[in-house]
Amino acid sequence: MPRLGLITDRVRRTIPALGRRAPDLAQQLDAHGGIGPGFHLLRHLLSVLILAHHCRVAVIGAVQPGQEALETGAAAAGAAIVAVGHGKFLGGFLQPFLYALVGMFFALSGFLIAGSALRTGKVGPFLANRGLRILPALTVEVTLCALVLGPFFTTLPLRQYFSDPLFLSYFGNIVGHVSFVLPGVFQDNPWPSIVNTNLWTLPPEFWCYLIMLGLMVCGVLATPIRLTAAVIGIAAIALGLGLYDPATYTVRHDNTHFTTWYIVLMFFFGVVLFLNARRVVMSFRIFLVCGLLYYVMMMADVLGVVSGMLLTYCMVYIGMQNFRWFDRIVRKDLSYGIYLYGFPLTQATVALLLPHLADLPKAVCFALIFPVVLVLTASFASISWDYIEKPALKLRRFLVRKPRPAATVAQAV
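Participant: How would you summarise the confidence of the model for the protein chain if you had to cite specific residues and measurements?
Facilitator: Chain-level pLDDT for the protein chain is 85 on average; 84% of the residues reach the 70-or-more range. Within the protein chain, helix H19 (residues 409–412) has the poorest average pLDDT of any element, 36, and helix H16 (residues 335–353) the best, 97. Note that pLDDT drops below 50 for residues 403–413; the model gives that stretch 18 contacts with residues more than four away or on any other chain.

The structure is reproduced here in C-alpha coordinates:
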(Lines give C-alpha, C1' and ligand atoms only; values in the text may rest on other atoms or scores of the structure.)
Protein backbone atom coordinates (compact mmCIF):
# COMPACT_ATOMS: atom_id res chain seq x y z
CA MET A 1 0.00 0.00 0.00
CA PRO A 2 2.73 2.56 0.77
CA ARG A 3 4.29 1.85 -2.63
CA LEU A 4 0.90 2.24 -4.34
CA GLY A 5 0.37 5.55 -2.54
CA LEU A 6 3.76 6.80 -3.72
CA ILE A 7 2.86 5.97 -7.33
CA THR A 8 -0.51 7.67 -6.98
CA ASP A 9 1.13 10.87 -5.72
CA ARG A 10 3.49 10.90 -8.68
CA VAL A 11 0.58 10.50 -11.11
CA ARG A 12 -1.29 13.36 -9.44
CA ARG A 13 1.72 15.62 -9.79
CA THR A 14 2.26 14.60 -13.41
CA ILE A 15 -1.28 15.07 -14.77
CA PRO A 16 -1.48 18.84 -14.12
CA ALA A 17 1.97 19.28 -15.66
CA LEU A 18 0.87 17.48 -18.82
CA GLY A 19 -2.14 19.72 -19.16
CA ARG A 20 -0.34 22.92 -18.35
CA ARG A 21 -0.37 25.49 -21.13
CA ALA A 22 2.98 26.45 -22.58
CA PRO A 23 4.08 29.95 -21.54
CA ASP A 24 3.39 32.75 -23.97
CA LEU A 25 6.01 35.12 -25.33
CA ALA A 26 4.97 38.01 -23.07
CA GLN A 27 5.44 35.89 -19.94
CA GLN A 28 8.91 34.83 -21.02
CA LEU A 29 9.93 38.39 -21.85
CA ASP A 30 8.65 39.68 -18.53
CA ALA A 31 10.52 36.90 -16.74
CA HIS A 32 13.77 38.19 -18.29
CA GLY A 33 13.19 41.91 -17.86
CA GLY A 34 11.86 42.41 -21.38
CA ILE A 35 14.99 40.98 -23.04
CA GLY A 36 15.24 37.64 -24.81
CA PRO A 37 18.15 35.81 -23.14
CA GLY A 38 19.17 34.08 -26.36
CA PHE A 39 19.34 37.10 -28.65
CA HIS A 40 22.93 37.80 -27.63
CA LEU A 41 24.04 34.42 -28.97
CA LEU A 42 21.74 34.60 -31.99
CA ARG A 43 23.14 37.94 -33.17
CA HIS A 44 26.69 36.63 -32.96
CA LEU A 45 25.87 33.27 -34.51
CA LEU A 46 24.23 34.90 -37.53
CA SER A 47 27.13 37.35 -37.89
CA VAL A 48 29.76 34.60 -37.83
CA LEU A 49 27.84 32.39 -40.27
CA ILE A 50 27.55 35.28 -42.73
CA LEU A 51 31.25 35.96 -42.25
CA ALA A 52 32.09 32.31 -42.97
CA HIS A 53 29.89 32.25 -46.08
CA HIS A 54 31.43 35.44 -47.45
CA CYS A 55 34.93 34.20 -46.70
CA ARG A 56 34.25 30.99 -48.61
CA VAL A 57 33.01 32.91 -51.65
CA ALA A 58 35.91 35.38 -51.38
CA VAL A 59 38.36 32.47 -51.55
CA ILE A 60 36.59 30.50 -54.27
CA GLY A 61 35.47 33.40 -56.43
CA ALA A 62 32.29 35.09 -57.57
CA VAL A 63 30.56 36.15 -60.73
CA GLN A 64 29.30 39.72 -60.68
CA PRO A 65 26.48 40.70 -63.02
CA GLY A 66 27.17 44.16 -64.38
CA GLN A 67 30.90 44.06 -63.65
CA GLU A 68 31.49 46.96 -66.03
CA ALA A 69 29.01 49.08 -64.09
CA LEU A 70 30.73 48.22 -60.84
CA GLU A 71 34.08 49.35 -62.16
CA THR A 72 32.67 52.72 -63.24
CA GLY A 73 31.02 53.24 -59.88
CA ALA A 74 27.49 52.91 -61.24
CA ALA A 75 26.62 49.75 -59.34
CA ALA A 76 23.28 49.98 -57.56
CA ALA A 77 23.04 49.31 -53.85
CA GLY A 78 22.35 45.66 -53.29
CA ALA A 79 23.61 44.60 -56.72
CA ALA A 80 23.45 40.85 -57.11
CA ILE A 81 26.65 39.01 -56.33
CA VAL A 82 26.23 35.41 -57.39
CA ALA A 83 28.72 33.02 -55.87
CA VAL A 84 30.13 30.25 -57.99
CA GLY A 85 31.42 26.98 -56.69
CA HIS A 86 28.51 26.34 -54.31
CA GLY A 87 28.16 22.86 -55.73
CA LYS A 88 25.31 20.54 -54.91
CA PHE A 89 25.97 20.78 -51.18
CA LEU A 90 25.64 24.52 -50.61
CA GLY A 91 23.59 25.13 -53.74
CA GLY A 92 21.15 22.43 -52.71
CA PHE A 93 19.88 21.48 -49.30
CA LEU A 94 21.83 24.16 -47.40
CA GLN A 95 20.38 27.00 -49.45
CA PRO A 96 17.39 27.66 -47.14
CA PHE A 97 19.83 28.29 -44.29
CA LEU A 98 21.69 30.88 -46.38
CA TYR A 99 18.44 32.73 -47.03
CA ALA A 100 17.63 32.56 -43.33
CA LEU A 101 20.74 34.48 -42.22
CA VAL A 102 19.84 38.01 -43.35
CA GLY A 103 16.11 37.30 -43.03
CA MET A 104 16.45 36.39 -39.36
CA PHE A 105 18.62 39.46 -38.76
CA PHE A 106 15.89 41.78 -40.03
CA ALA A 107 13.13 39.97 -38.15
CA LEU A 108 15.28 40.14 -35.00
CA SER A 109 15.89 43.83 -35.57
CA GLY A 110 12.16 44.49 -35.95
CA PHE A 111 11.37 42.57 -32.77
CA LEU A 112 13.94 44.42 -30.67
CA ILE A 113 13.31 47.86 -32.16
CA ALA A 114 9.56 47.53 -31.55
CA GLY A 115 10.32 47.10 -27.86
CA SER A 116 12.70 50.06 -27.91
CA ALA A 117 10.16 52.27 -29.68
CA LEU A 118 7.43 51.40 -27.18
CA ARG A 119 9.73 52.07 -24.23
CA THR A 120 10.83 55.48 -25.50
CA GLY A 121 7.38 56.39 -26.79
CA LYS A 122 8.61 59.49 -28.63
CA VAL A 123 10.18 60.25 -31.98
CA GLY A 124 13.21 62.14 -30.61
CA PRO A 125 14.49 59.39 -28.34
CA PHE A 126 13.84 56.78 -31.03
CA LEU A 127 15.91 58.68 -33.60
CA ALA A 128 18.66 59.33 -31.06
CA ASN A 129 18.86 55.66 -30.12
CA ARG A 130 19.02 54.51 -33.74
CA GLY A 131 21.46 57.21 -34.80
CA LEU A 132 23.88 56.62 -31.92
CA ARG A 133 23.75 52.86 -32.43
CA ILE A 134 24.36 52.90 -36.17
CA LEU A 135 26.15 56.03 -37.39
CA PRO A 136 29.32 56.47 -35.25
CA ALA A 137 30.68 52.97 -35.86
CA LEU A 138 29.61 53.04 -39.51
CA THR A 139 31.33 56.41 -40.02
CA VAL A 140 34.58 55.12 -38.54
CA GLU A 141 34.50 51.91 -40.61
CA VAL A 142 33.81 53.72 -43.89
CA THR A 143 36.55 56.28 -43.13
CA LEU A 144 39.10 53.58 -42.27
CA CYS A 145 38.34 51.72 -45.49
CA ALA A 146 38.68 54.86 -47.60
CA LEU A 147 41.75 56.37 -45.89
CA VAL A 148 43.72 53.33 -44.70
CA LEU A 149 42.68 50.10 -46.40
CA GLY A 150 42.13 51.69 -49.80
CA PRO A 151 45.51 53.45 -50.13
CA PHE A 152 47.29 50.27 -48.95
CA PHE A 153 45.65 47.92 -51.47
CA THR A 154 44.99 50.17 -54.45
CA THR A 155 46.87 49.51 -57.67
CA LEU A 156 46.63 53.20 -58.61
CA PRO A 157 49.01 56.02 -57.71
CA LEU A 158 47.79 57.68 -54.51
CA ARG A 159 47.17 61.01 -56.24
CA GLN A 160 44.94 59.28 -58.76
CA TYR A 161 43.26 57.25 -55.99
CA PHE A 162 42.28 60.30 -53.93
CA SER A 163 41.14 62.28 -56.98
CA ASP A 164 38.95 59.51 -58.36
CA PRO A 165 35.17 60.16 -57.96
CA LEU A 166 34.78 56.67 -56.50
CA PHE A 167 36.82 57.76 -53.48
CA LEU A 168 34.42 60.51 -52.47
CA SER A 169 31.31 58.53 -53.38
CA TYR A 170 32.39 55.79 -50.96
CA PHE A 171 31.64 58.14 -48.05
CA GLY A 172 28.02 58.09 -49.17
CA ASN A 173 27.75 54.76 -47.37
CA ILE A 174 27.47 56.72 -44.14
CA VAL A 175 24.05 58.05 -45.17
CA GLY A 176 22.86 54.93 -46.99
CA HIS A 177 24.00 55.84 -50.51
CA VAL A 178 25.77 52.56 -51.01
CA SER A 179 29.00 52.23 -52.95
CA PHE A 180 30.93 48.96 -52.95
CA VAL A 181 34.02 50.12 -54.83
CA LEU A 182 37.17 52.05 -54.03
CA PRO A 183 39.45 52.95 -56.96
CA GLY A 184 41.83 50.12 -57.84
CA VAL A 185 41.18 48.14 -54.63
CA PHE A 186 40.95 44.33 -54.60
CA GLN A 187 40.82 44.13 -58.39
CA ASP A 188 42.81 40.90 -58.46
CA ASN A 189 40.85 39.12 -55.72
CA PRO A 190 38.68 36.11 -56.62
CA TRP A 191 35.73 38.33 -55.58
CA PRO A 192 37.03 41.39 -57.42
CA SER A 193 36.62 45.08 -56.63
CA ILE A 194 34.08 44.77 -53.80
CA VAL A 195 35.24 46.40 -50.54
CA ASN A 196 32.23 45.74 -48.30
CA THR A 197 29.28 43.83 -49.71
CA ASN A 198 27.56 43.83 -46.30
CA LEU A 199 26.59 47.45 -46.81
CA TRP A 200 23.87 46.45 -49.26
CA THR A 201 21.57 46.04 -46.25
CA LEU A 202 21.86 49.73 -45.25
CA PRO A 203 19.09 51.11 -47.54
CA PRO A 204 16.46 48.54 -46.46
CA GLU A 205 17.48 49.06 -42.83
CA PHE A 206 17.04 52.81 -43.15
CA TRP A 207 13.67 52.22 -44.84
CA CYS A 208 12.61 50.13 -41.85
CA TYR A 209 13.53 52.95 -39.47
CA LEU A 210 11.76 55.53 -41.63
CA ILE A 211 8.56 53.47 -41.72
CA MET A 212 8.76 52.90 -37.96
CA LEU A 213 9.12 56.65 -37.50
CA GLY A 214 6.00 57.22 -39.57
CA LEU A 215 4.09 54.63 -37.56
CA MET A 216 5.11 56.35 -34.34
CA VAL A 217 4.08 59.79 -35.61
CA CYS A 218 0.70 58.45 -36.76
CA GLY A 219 0.14 56.56 -33.52
CA VAL A 220 -0.25 53.24 -35.35
CA LEU A 221 2.56 51.60 -33.40
CA ALA A 222 0.57 52.10 -30.20
CA THR A 223 -2.42 50.27 -31.69
CA PRO A 224 -1.25 46.70 -32.30
CA ILE A 225 -4.50 45.58 -33.94
CA ARG A 226 -4.24 48.16 -36.73
CA LEU A 227 -0.57 47.52 -37.38
CA THR A 228 -1.04 43.76 -37.31
CA ALA A 229 -3.93 44.00 -39.76
CA ALA A 230 -1.85 46.20 -42.07
CA VAL A 231 1.14 43.84 -42.09
CA ILE A 232 -1.09 40.80 -42.62
CA GLY A 233 -2.85 42.62 -45.46
CA ILE A 234 0.43 43.49 -47.18
CA ALA A 235 1.67 39.94 -46.71
CA ALA A 236 -1.56 38.56 -48.19
CA ILE A 237 -1.22 40.80 -51.26
CA ALA A 238 2.41 39.75 -51.69
CA LEU A 239 1.42 36.10 -51.33
CA GLY A 240 -1.32 36.49 -53.93
CA LEU A 241 1.01 38.19 -56.39
CA GLY A 242 3.57 35.45 -55.81
CA LEU A 243 1.00 32.78 -56.62
CA TYR A 244 -0.17 34.69 -59.70
CA ASP A 245 3.32 35.37 -61.13
CA PRO A 246 6.01 33.51 -59.17
CA ALA A 247 8.85 34.65 -61.44
CA THR A 248 8.12 38.38 -61.07
CA TYR A 249 7.01 38.47 -57.44
CA THR A 250 9.49 36.05 -55.95
CA VAL A 251 10.95 36.74 -52.52
CA ARG A 252 14.37 35.65 -53.75
CA HIS A 253 16.90 38.18 -54.98
CA ASP A 254 19.60 35.67 -55.94
CA ASN A 255 20.89 32.32 -54.73
CA THR A 256 21.41 33.44 -51.14
CA HIS A 257 19.45 36.64 -50.46
CA PHE A 258 15.84 37.65 -50.08
CA THR A 259 14.67 40.66 -52.09
CA THR A 260 14.92 44.09 -50.47
CA TRP A 261 11.16 44.56 -50.13
CA TYR A 262 10.86 41.19 -48.45
CA ILE A 263 13.50 41.72 -45.79
CA VAL A 264 11.73 44.98 -44.95
CA LEU A 265 8.51 42.96 -44.59
CA MET A 266 10.34 40.47 -42.38
CA PHE A 267 11.39 43.36 -40.16
CA PHE A 268 7.72 44.07 -39.59
CA PHE A 269 6.97 40.39 -39.01
CA GLY A 270 9.29 40.81 -36.03
CA VAL A 271 7.49 43.99 -34.97
CA VAL A 272 4.08 42.27 -35.13
CA LEU A 273 5.32 39.29 -33.15
CA PHE A 274 6.47 41.59 -30.35
CA LEU A 275 3.22 43.56 -30.33
CA ASN A 276 1.21 40.34 -30.08
CA ALA A 277 3.44 38.66 -27.50
CA ARG A 278 0.50 37.68 -25.31
CA ARG A 279 -0.95 35.62 -28.15
CA VAL A 280 2.28 33.83 -29.15
CA VAL A 281 2.80 30.47 -27.44
CA MET A 282 6.41 29.41 -27.02
CA SER A 283 6.57 25.69 -27.76
CA PHE A 284 9.40 23.46 -28.91
CA ARG A 285 6.98 21.44 -31.01
CA ILE A 286 5.74 24.57 -32.79
CA PHE A 287 9.36 25.58 -33.32
CA LEU A 288 10.16 22.25 -34.98
CA VAL A 289 7.07 22.38 -37.19
CA CYS A 290 7.79 25.97 -38.25
CA GLY A 291 11.41 25.12 -38.99
CA LEU A 292 10.49 22.08 -41.05
CA LEU A 293 7.79 23.90 -43.02
CA TYR A 294 10.14 26.83 -43.67
CA TYR A 295 12.78 24.45 -45.01
CA VAL A 296 10.32 22.59 -47.28
CA MET A 297 8.83 25.83 -48.64
CA MET A 298 12.23 27.31 -49.42
CA MET A 299 13.45 24.12 -51.07
CA ALA A 300 10.30 23.98 -53.20
CA ASP A 301 10.32 27.77 -53.75
CA VAL A 302 6.64 28.08 -52.85
CA LEU A 303 4.73 30.32 -50.42
CA GLY A 304 7.80 32.45 -49.77
CA VAL A 305 5.89 35.03 -47.74
CA VAL A 306 4.56 32.34 -45.40
CA SER A 307 8.04 30.86 -44.99
CA GLY A 308 9.26 34.21 -43.64
CA MET A 309 6.56 34.21 -40.98
CA LEU A 310 7.62 30.72 -39.91
CA LEU A 311 11.26 31.78 -39.85
CA THR A 312 10.38 34.74 -37.62
CA TYR A 313 8.79 32.43 -35.06
CA CYS A 314 11.90 30.22 -35.10
CA MET A 315 14.06 33.30 -34.53
CA VAL A 316 12.04 34.40 -31.51
CA TYR A 317 11.94 30.90 -30.03
CA ILE A 318 15.73 30.67 -30.15
CA GLY A 319 15.95 34.15 -28.68
CA MET A 320 13.89 33.05 -25.68
CA GLN A 321 16.31 30.26 -24.73
CA ASN A 322 19.11 30.63 -22.19
CA PHE A 323 22.71 30.32 -23.34
CA ARG A 324 24.49 31.41 -20.17
CA TRP A 325 27.70 29.68 -21.20
CA PHE A 326 27.94 31.97 -24.24
CA ASP A 327 27.07 35.06 -22.21
CA ARG A 328 29.97 34.25 -19.86
CA ILE A 329 32.39 33.90 -22.78
CA VAL A 330 31.26 36.86 -24.92
CA ARG A 331 30.37 39.78 -22.68
CA LYS A 332 30.41 42.45 -25.39
CA ASP A 333 28.08 42.96 -28.33
CA LEU A 334 30.43 42.25 -31.22
CA SER A 335 27.73 41.55 -33.81
CA TYR A 336 27.60 45.03 -35.36
CA GLY A 337 31.38 45.24 -35.51
CA ILE A 338 31.50 41.84 -37.23
CA TYR A 339 28.94 43.10 -39.74
CA LEU A 340 30.96 46.26 -40.44
CA TYR A 341 34.50 44.91 -40.56
CA GLY A 342 34.01 41.29 -41.60
CA PHE A 343 34.05 41.67 -45.36
CA PRO A 344 36.82 44.31 -45.74
CA LEU A 345 39.08 42.23 -43.51
CA THR A 346 38.16 39.10 -45.45
CA GLN A 347 39.12 40.72 -48.74
CA ALA A 348 42.32 42.11 -47.25
CA THR A 349 43.32 38.72 -45.82
CA VAL A 350 42.56 36.97 -49.09
CA ALA A 351 44.61 39.54 -51.01
CA LEU A 352 47.61 39.02 -48.72
CA LEU A 353 47.50 35.25 -48.14
CA LEU A 354 45.83 33.58 -51.10
CA PRO A 355 48.72 34.19 -53.56
CA HIS A 356 50.96 32.18 -51.18
CA LEU A 357 48.45 29.32 -51.08
CA ALA A 358 47.91 29.06 -54.83
CA ASP A 359 49.01 25.41 -55.02
CA LEU A 360 46.56 24.23 -52.36
CA PRO A 361 42.96 23.15 -52.93
CA LYS A 362 40.39 25.89 -52.38
CA ALA A 363 38.86 24.06 -49.41
CA VAL A 364 42.24 24.01 -47.69
CA CYS A 365 42.76 27.69 -48.47
CA PHE A 366 39.43 28.48 -46.85
CA ALA A 367 40.29 26.36 -43.80
CA LEU A 368 43.53 28.31 -43.36
CA ILE A 369 42.19 31.79 -44.12
CA PHE A 370 38.91 31.77 -42.21
CA PRO A 371 40.41 31.41 -38.69
CA VAL A 372 42.65 34.40 -39.44
CA VAL A 373 39.65 36.39 -40.67
CA LEU A 374 37.60 35.43 -37.63
CA VAL A 375 40.28 36.51 -35.15
CA LEU A 376 40.95 39.78 -36.98
CA THR A 377 37.26 40.60 -37.28
CA ALA A 378 36.51 39.80 -33.65
CA SER A 379 39.45 41.99 -32.59
CA PHE A 380 38.27 44.95 -34.65
CA ALA A 381 34.70 44.41 -33.44
CA SER A 382 35.89 44.40 -29.83
CA ILE A 383 37.81 47.64 -30.33
CA SER A 384 34.79 49.15 -32.06
CA TRP A 385 32.55 48.23 -29.12
CA ASP A 386 34.94 49.51 -26.45
CA TYR A 387 35.98 52.78 -28.07
CA ILE A 388 33.16 53.73 -30.47
CA GLU A 389 29.84 51.95 -29.99
CA LYS A 390 29.68 51.82 -26.18
CA PRO A 391 30.86 55.42 -25.66
CA ALA A 392 28.40 56.59 -28.34
CA LEU A 393 25.52 54.85 -26.59
CA LYS A 394 26.43 56.64 -23.36
CA LEU A 395 25.68 59.93 -25.11
CA ARG A 396 22.00 59.03 -25.03
CA ARG A 397 21.72 60.49 -21.53
CA PHE A 398 22.57 63.94 -22.98
CA LEU A 399 20.22 63.65 -25.97
CA VAL A 400 17.31 61.71 -24.52
CA ARG A 401 15.26 62.51 -21.47
CA LYS A 402 14.93 59.88 -18.83
CA PRO A 403 12.54 57.24 -20.24
CA ARG A 404 9.21 56.61 -18.66
CA PRO A 405 9.06 53.69 -16.22
CA ALA A 406 9.36 50.42 -18.12
CA ALA A 407 6.10 48.54 -18.46
CA THR A 408 5.87 44.82 -18.63
CA VAL A 409 5.39 43.32 -22.06
CA ALA A 410 1.86 42.35 -21.15
CA GLN A 411 1.09 46.00 -20.32
CA ALA A 412 2.83 47.26 -23.44
CA VAL A 413 0.78 45.14 -25.79
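Participant: Talk me through the layout of surface pockets; I want residue IDs and the actual numbers.
Facilitator: Here the second largest pocket defines a volume of roughly 540 Å³. Going through the elements one at a time, helix H3 (39–60), helix H5 (87–93), helix H6 (95–120), helix H13 (284–300) and helix H14 (304–319) are the ones with two or more residues in the lining of the second largest pocket. If one sorts the elements of the lining of the second largest pocket by residue count, H3 sits on top with seven residues. Taken together, the residues that form the lining of the second largest pocket break down as 21 nonpolar, two polar and one charged.

Participant: Give a description of the pattern of salt bridges that names residues and reports values.
Facilitator: When charged atoms on two side chains of opposite charge get close, those side chains can pair. Applying the stated criterion to the full structure yields five salt bridges. Two residues, Asp333 and Arg133, come together in a salt bridge whose shortest N-O distance is 3.3 Å. Separated by 200 residues along the polypeptide, Asp333 in the loop between helix H15 (324–329) and H16 and Arg133 in helix H7 (residues 123–153) bring together distant segments of the chain. Overall, the relative accessible area of 13% leaves Asp333 in the buried class. According to the relative accessible area criterion, Arg133 is buried, its value standing at 15%. Here Arg133 ties to Glu389 by a salt bridge, and the two come within 2.9 Å at their closest N and O atoms. With Arg133 in helix H7 and Glu389 in helix H17 (residues 362–394), this residue pair connects regions lying 256 residues apart in the sequence.

Participant: Describe the nonpolar core, naming the residues involved and giving the relevant values.
Facilitator: Counting residues in hydrophobic clusters, the biggest one holds 118 residues, and the most contacted among them are Leu25, Phe111, Met212, Leu221, Phe258, Val271 and Met315. Apart from residues lying up to four places away in sequence, Met315 is in contact with Phe39, Leu42, Met104, Ala107, Leu108 and Phe111.

Participant: Now, about a nonpolar patch on the surface: what can you tell me, with residues and values included?
Facilitator: Together, Phe152, Leu352, Leu353, Val372, Leu376 and Phe380 make up an exposed nonpolar region whose accessible area comes to about 500 Å². At the level of elements, H16 and H17 are the ones that each hand at least two residues to the nonpolar patch. Here the element with the most residues in the nonpolar patch is H17; it accounts for three residues. One can find Leu376 in helix H17. According to the relative accessible area criterion, Leu376 is partly exposed, its value standing at 33%.

Procedures and definitions
Residues numbered from 1 in each chain as written. Predicted model: local features only at pLDDT ≥ 70, side-chain atom pairs only at ≥ 80, totals over all residues. Heavy atoms only, no water. pLDDT = per-residue confidence, 0-100. Helix = DSSP H or I, 4+ residues; strand = E, 2+ residues; numbered from the N terminus. Contact = heavy atoms within 4.5 Å. 1 Å grid on protein atoms, 1.4 Å probe; cavity = no way out; pocket = protein on both sides within 12 Å on 5 of 7 lines; lining within 4 Å. Points joined across faces, edges and corners; volume = space filled by probe spheres on them. Nonpolar A, V, L, I, M, F, W, Y, C, P; charged D, E, K, R; others polar. Salt bridge = Lys/Arg side-chain N within 4 Å of Asp/Glu carboxyl O. Buried < 20%, exposed > 50% of the residue type's maximum accessible area, 1.4 Å probe, protein only. Core = buried A, V, L, I, M, F, W, Y, C linked by side-chain atoms within 4.5 Å. Patch = residues over 30% accessible without salt bridge, like charges linked within 9 Å, V, L, I, M, F, W, Y side chains within 5 Å. Areas by Shrake-Rupley, 256 points an atom, 1.4 Å probe, with all protein chains shown as cover.

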